Structure formats: structure tokens, C-alpha cells
Amino acid sequence: MTSEMLRAAVRNNALWCNSVCQAQGVPGEFSATLWLHRQGTPPFYPDVITLTGAGSAREQEEAIAVLIRSRKGGWGVKDSYAALTLTPLGFEILFEAEWIGIEAVEIHAPKEQSLTWKRITTAVELELWGRAWGAGEPPQTTPIFAEPLLRNADIAFLAAFESEALCGGGILNRQSHVVGHSNVFAIKKRDRAIRAGLVQKAAEIFPGMPIVGYEHGDDLSDALELGFTSLGPLRVWGSPERLTEM
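Quick summary incoming for the structure in this document. It should be emphasised that the depicted structure is a prediction, and the values quoted were computed from it without experimental measurement.

A short note on the packing of aromatic side chains
Here is step 1: Going through the model one piece at a time under the given rule, you end up with 11 aromatic pairs.
Here is step 2: Ring centres of tryptophan 16 and phenylalanine 145 lie 6.3 Å apart, and the angle between their planes is 25°; on these two criteria the pair is classed as stacked. Of this pair, tryptophan 16 sits in helix H1 (residues 2–23) while phenylalanine 145 sits in the loop between helix H3 (123–133) and strand S7 (155–162), and the two are 129 residues apart along the sequence. With respect to class, tryptophan 16 is no different from phenylalanine 145; both count as buried.
Here is step 3: Arranged with centres 5.2 Å apart and planes meeting at 65°, the rings of tryptophan 133 and phenylalanine 145 form a pair that is edge-to-face. Here tryptophan 133 is found in helix H3, whereas its partner phenylalanine 145 is found in the loop between H3 and S7, with 12 residues between them in sequence.
Here is step 4: Residue phenylalanine 145 is classed as buried on the basis of its relative accessible area of 7%.
Here is step 5: Members of the aromatic cluster, each reached through a chain of ring pairs, are Trp16, Phe44, Tyr45, Trp129, Trp133, Phe145, Phe157 and Phe185.
Here is step 6: When the ring centre of tryptophan 75 is taken as reference, the NZ or CZ atom of arginine 71 above it lies at 3.9 Å.

Description of the sheet that holds strand S1 (residues 29–30)
Here is step 1: One open sheet holds the 11 strands; their spatial order is S1-S2-S3-S4-S11-S5-S10-S9-S8-S7-S6, and the pairing between them is mixed. At either margin of the open sheet sits one strand with a lone partner, and together these are S1 and strand S6 (116–119).

A few points about the layout of surface pockets
Here is step 1: Taken as a whole, the largest pocket spans an internal volume of roughly 1,100 Å³.
Here is step 2: If you trace the largest pocket, you find 36 residues lining it, with Trp133, Asn183, Val184, Glu215 and Asp219 closest to the centre.
Here is step 3: Contributions of two or more residues to the lining of the largest pocket are made by H1, strand S5 (92–102), strand S9 (178–186), helix H4 (191–205), strand S10 (211–215) and helix H5 (217–225).
Here is step 4: The element contributing the most residues to the lining of the largest pocket is S9, with 7 residues.

About the cut-offs
Residues numbered from 1 in each chain as written. Predicted model: local features only at pLDDT ≥ 70, side-chain atom pairs only at ≥ 80, totals over all residues. Heavy atoms only, no water. Phe/Tyr/Trp six-rings, centres within 6.5 Å; stacked < 30°, edge-to-face > 60°. Helix = DSSP H or I, 4+ residues; strand = E, 2+ residues; numbered from the N terminus. Buried < 20%, exposed > 50% of the residue type's maximum accessible area, 1.4 Å probe, protein only. Lys NZ or Arg CZ within 6 Å of the ring centre and 35° of its normal. Pairing = 2+ DSSP bridges. 1 Å grid on protein atoms, 1.4 Å probe; cavity = no way out; pocket = protein on both sides within 12 Å on 5 of 7 lines; lining within 4 Å. Points joined across faces, edges and corners; volume = space filled by probe spheres on them.

Structure follows, in C-alpha cells:
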């Protein structure tokens, strides 16, 4: 089951990245082994995501070598199975993380009574949500998350409020028979409560479905304490021109 959930988590993440790009009017492309975007993706989003593991690594490396010669600028690669060697192509490892997953029957996240959750439904709300999520980062000339995402019933932007003040949130996306959770943020350093609440909202909005994602560091520890299982490693690589954007 873990390998099945891992494959679903990888596919879900690629579909989510494609949804973000498609909402801006420029979707990516899928092959048997890669998702890729030739024109360049928004900040924090990769240009290439591997969809298969070590058995396809050489083919993927060759394809990436061709891609990076196709246009100037930086490239980001999500090495979903930590199987690539991209240093010879000029890439550096930006960070390493773990895919995580939890079956619906195993979700027992404690509900934080002081938090009120709201699903974002309007462009104005999405703009405010985006500012809160990106606090501390340089402002973007073009918002990363475009309004068409709100019209997709399989995608939910969620905000948590405490005493009517926005204190955190995250995104859910139902694709590839799982629910991906991502972009988890907490304004008042209540990361565990925000993630627990987001998991509970996932169980309410998309009942009976496994929840997946990826994390590293303290966020990974928090997720594992909530009952998530580590599914496998991943790496994110960046070429020098993209290092500050990922």
C-alpha cells in the first residue's frame, strides 16, 4: 500500500503543479516519466517533476539535459524518487524531504476549538490569503494562485481564523485518488494546530480519501506526530539562476 500511495502522492503533486500553471493560462506537459513546463513556472514551483523512479533515471537526466538547452534562465527539478544525479548539469540540491501519507481511517487529528475555518471563494479573499501565505517573501508582480483555481471543486483554499484574525491556512487538492495538502502556513507559530485542522477539513470536504503531501524538518516531525507515515524521499534541485526562487 505504501508504494501505491507514494505513486499517488507523486502524481497528485504533478497534477497540482499543472493546475497552478493552467490557471495562469499556460499548462505543462506530461510524458510517461516526467511532467515539464517549457516556458517557466511561478516562483517556488518546479519546471520538471519526475513521475517514475530509478529505473527511468538515465532517461530523465537525458531529457532534462535537452530541456535546459531549450531556453535561457533557471530550472527547478523535483526529483520525486531521489534518483537523479544532476550535478553534472550544473544543478545543486536545494533541499531534501519525505513524501507523507495517511489513510482516511487513521485520521484522528485533534480539533483546535479556538480556530474557525473558512473556504476561500472569491478573488478578494484569495488575494488576502496569498498575502498571508507569502508573508516575508518578496511581493509577486503576478499572483501565483489565479482565480480559476477557486472554480475547481477538487481544490480548496482554506484559511484559519482565531478571534476573527487570519492565523494560518493551507491548500487541498483531490487528484489521483488522494487528497494532497500543501502550502501549510501559520502566522502565530501554531503550525501543529493549523496542520491538524487542515487534516480535519480534508476529511470533511473529501471524506474517505487518503491525504498525502511532503515535508522536511520540523514540519515533517509535526506531520508524523499527527499520524502520517513517511512514504519515501525526494529532492528538489535548482540551477544557479533559479536558486533564489525555489
